[in-house]
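What follows is each chain in one-letter form.
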Amino acid sequence: MSIPIKRVEAILSRFAIIFPIPTKARLQDVADIWNHALSNFDEKDIVFACGRLIQTITRFPFPADVIKEIEAMKKPTQTLEGKDGRTSQ
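None of the values given here were measured: they were computed from a predicted structure.

A.B. asks: Residues and numbers for helix 2 (residues 27-37), please.
C.D. replies: Among all positions of helix 2, only Val30, Ala31, Trp34 and Asn35 are buried. Each buried residue of helix 2 lies within a common arc of 140° when the element is viewed along its axis, so the set occupies one face. Turned more than 90 degrees off the buried face of helix 2, the exposed positions are Ile33 and His36. On its buried face, helix 2 is in contact with helix 1 (5-18), helix 3 (43-56) and helix 4 (63-74).

Laid out in structure tokens, this is it:
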């Protein structure tokens, strides 16, 4: 599934308020690269991952940062099993 290019531009613009874009490239060029790199992911996952990144990252993010965040979100949560066999979360 692909995310609309205008949505990618909006996400990047939000990051650019806090962090400078890392190259002298135009926003449109960076958005095209992001759009291609993230084309296999759902828009809602991308938006959620970017929301989490803006809380934790200290530099302009790369598509790989978003992918890692999505993969971390998709990992099943582990439960701890007590001595009585019951699980807690």
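A.B. asks: Let's hear about the side chain of Glu9: which residues, and what values?
C.D. replies: Along the chain, Glu9 falls in helix 1. Ignoring any residue separated from it by four or fewer positions in sequence, one finds Glu9 in contact with Leu27, Gln28 and Ala31.

A.B. asks: How would you explain the packing of helix 3 against helix 4 if you had to name every residue and give the values?
C.D. replies: At a closest axis distance of 9 Å, the pairing of helix 3 and helix 4 adopts a crossing angle of 105°. Between helix 3 and helix 4, the crossing angle belongs to the class labelled roughly perpendicular. Of helix 4, the residues touching helix 3 (which contributes Asp45, Ile46, Phe48, Ala49, Cys50, Arg52 and Leu53) are Asp65, Val66, Glu69, Ile70, Met73 and Lys74. Looking at the contact of helix 3 with helix 4 residue by residue, the classes come out as 8 nonpolar, no polar and 5 charged.

A.B. asks: Got a sec to walk through the packing of helix 1 against helix 3? Specific residues and values, please.
C.D. replies: Between helix 1 and helix 3, the shortest axis-to-axis distance is 11 Å and the interhelical angle comes to 0°. Relative to helix 3, the element helix 1 lies roughly parallel. From helix 1, Arg7, Ile11, Arg14, Phe15 and Ile18 reach across to helix 3, where they touch Glu43, Ile46, Val47, Cys50, Leu53 and Ile54. Looking at the contact of helix 1 with helix 3 residue by residue, the class counts come to 8 nonpolar, no polar and 3 charged.

A.B. asks: Can you lay out the pattern of salt bridges for me, pointing to particular residues and giving the numbers?
C.D. replies: Counted under the stated rule, the structure contains 7 salt bridges. Arg7 is the partner of Glu43 in a salt bridge, and the nearest nitrogen-oxygen pair spans 3.2 Å. Taken as a pair, Glu43 in helix 3 and Arg7 in helix 1 lie far apart in primary sequence, 36 residues in all. When its relative accessible area of 28% is taken as the criterion, Glu43 is described as partly exposed.

A.B. asks: Just give me the short version of the environment of Thr56, but keep the residues and values in it.
C.D. replies: Counting through the fold element by element, Thr56 comes out in helix 3. Side-chain polar atoms of Thr56 contact the backbone oxygen of Arg52, separated by 3.4 Å.

A.B. asks: Before we move on, can you summarise the nonpolar core with the specific residues and values?
C.D. replies: Leu12, Phe15, Trp34, Ile46, Cys50 and Val66 are the most contacted members of the largest nonpolar core, which totals 19 residues. Looking at this core, the elements that each hand over two or more residues are helix 1, helix 2, helix 3 and helix 4. Residues contacting Phe15, with those up to four places away along its chain left out, are Trp34, Cys50, Leu53, Ile54, Phe60 and Pro61.

Definitions and limits used
Residues numbered from 1 in each chain as written. Predicted model: local features only at pLDDT ≥ 70, side-chain atom pairs only at ≥ 80, totals over all residues. Heavy atoms only, no water. Buried < 20%, exposed > 50% of the residue type's maximum accessible area, 1.4 Å probe, protein only. Helix = DSSP H or I, 4+ residues; strand = E, 2+ residues; numbered from the N terminus. Arc of directions from axis to C-beta. Contact = heavy atoms within 4.5 Å. Axes fitted to C-alpha atoms, helices over the stretch in contact; angles between N-to-C directions. Parallel < 35°, antiparallel > 145°, perpendicular 65-115°, else oblique. Nonpolar A, V, L, I, M, F, W, Y, C, P; charged D, E, K, R; others polar. Salt bridge = Lys/Arg side-chain N within 4 Å of Asp/Glu carboxyl O. Polar contact = N/O pair within 3.5 Å; in protein donor to acceptor, adjacent residues only side chain to side chain. Core = buried A, V, L, I, M, F, W, Y, C linked by side-chain atoms within 4.5 Å.

Coordinates in, geometry out; function isn't part of it.
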